[in-house]
Amino acid sequence: MSGYYHDLVERGFSVHHGWSKDLEQQGVARPSQGELVYDLGRAALLAGVIRFTPLERVNNAKYGGYLFDERLEGEFARDRSLALRFGQAALLDFEIWQAYDDDLGLKSDRDDTDSLKTYEELGFRRIGSLRSTDERVTMLRPGIVSRRSGIARGEAETL
C-alpha cells in the first residue's frame, strides 16, 4: 500500500487493495467486472469498503468514468475523520495507481447529511439544482487535470 495510508496504519488499521477472502467472509458482495475495491480493517473487524465501479459514458458526456462508493461498517460508521482519511487515501491511490485523471461520480441519499458533508470535503460537488426533490443527490469530483488547472488559476485545492 502507498504512503497515503500512513495515518490509518498508525491508528491500528490495515488497508488492502483488491478482493480478499476476508471480505467474502464478512458478507461483502463480490466486485463486478472492472470494479476496484479497497477495504479497511482493524484486527478481525471490517471497518469500511470503498468501491470504484466503472461506468459507461453516454454520448461522450463528461459524467462517466468511475462511480465512487464509501461505506464504513459497525462501530466505525459515524467516524467522519476515519471516513475522510480512508477516502482521501483511496482516492489518491486510485488516481495514481490507475493513472486516472477523469471525473468521479457518486450518488448519495439526500437526507444523509453526514455523508454529503464528507463527500464535499473529499472534493465532490453537487450536480443539478439544490432545490431538486430527488431522493438521491448526484455529485461529481473533478479529475486531477481539472484540479491542477484550478490550482494554477489560484483556486484552493480541496485535498
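Look above for the structure.
Criteria and cut-off values
Residues numbered from 1 in each chain as written. Predicted model: local features only at pLDDT ≥ 70, side-chain atom pairs only at ≥ 80, totals over all residues. Heavy atoms only, no water. 1 Å grid on protein atoms, 1.4 Å probe; cavity = no way out; pocket = protein on both sides within 12 Å on 5 of 7 lines; lining within 4 Å. Points joined across faces, edges and corners; volume = space filled by probe spheres on them. Phe/Tyr/Trp six-rings, centres within 6.5 Å; stacked < 30°, edge-to-face > 60°. Helix = DSSP H or I, 4+ residues; strand = E, 2+ residues; numbered from the N terminus. Buried < 20%, exposed > 50% of the residue type's maximum accessible area, 1.4 Å probe, protein only. Lys NZ or Arg CZ within 6 Å of the ring centre and 35° of its normal.

Looking now at the layout of surface pockets. Here the largest pocket is characterised by a volume of approximately 380 Å³. Considering the residues around the largest pocket, the lining is formed by 18 residues, among which Glu70, Ala77, Asp112, Ser115 and Tyr119 are closest to the centre.

Now for the packing of aromatic side chains. Applying the stated criterion to the full structure yields eight aromatic pairs. Ring centres of Phe13 and Phe76 lie 5.6 Å apart, and the angle between their planes is 70°; this geometry places the pair in the edge-to-face category. Of the two residues, Phe13 is situated in the loop between helix 1 (6–10) and strand 1 (14–17) and Phe76 in the loop between strand 4 (65–72) and helix 3 (80–97); the sequence distance between them amounts to 63 residues. In this structure, Phe13 and Phe76 share a single accessibility class: buried. Ring plane angle 70° and centroid distance 5.7 Å describe the contact between Tyr38 and Phe52, whose orientation is recorded as edge-to-face. Of the two residues, Tyr38 sits in strand 2 (residues 36–42) while Phe52 sits in strand 3 (residues 45–55), which places them 14 residues apart along the sequence. With respect to class, Tyr38 is no different from Phe52; both count as buried. Put simply, the rings of Tyr38, Phe52, Tyr66, Phe68, Phe94, Tyr119 and Phe124 touch in pairs and so form one group of aromatic residues. The ring of Phe13 has Arg42 sitting right over it, with the charged end atom 4.0 Å from the ring centre.

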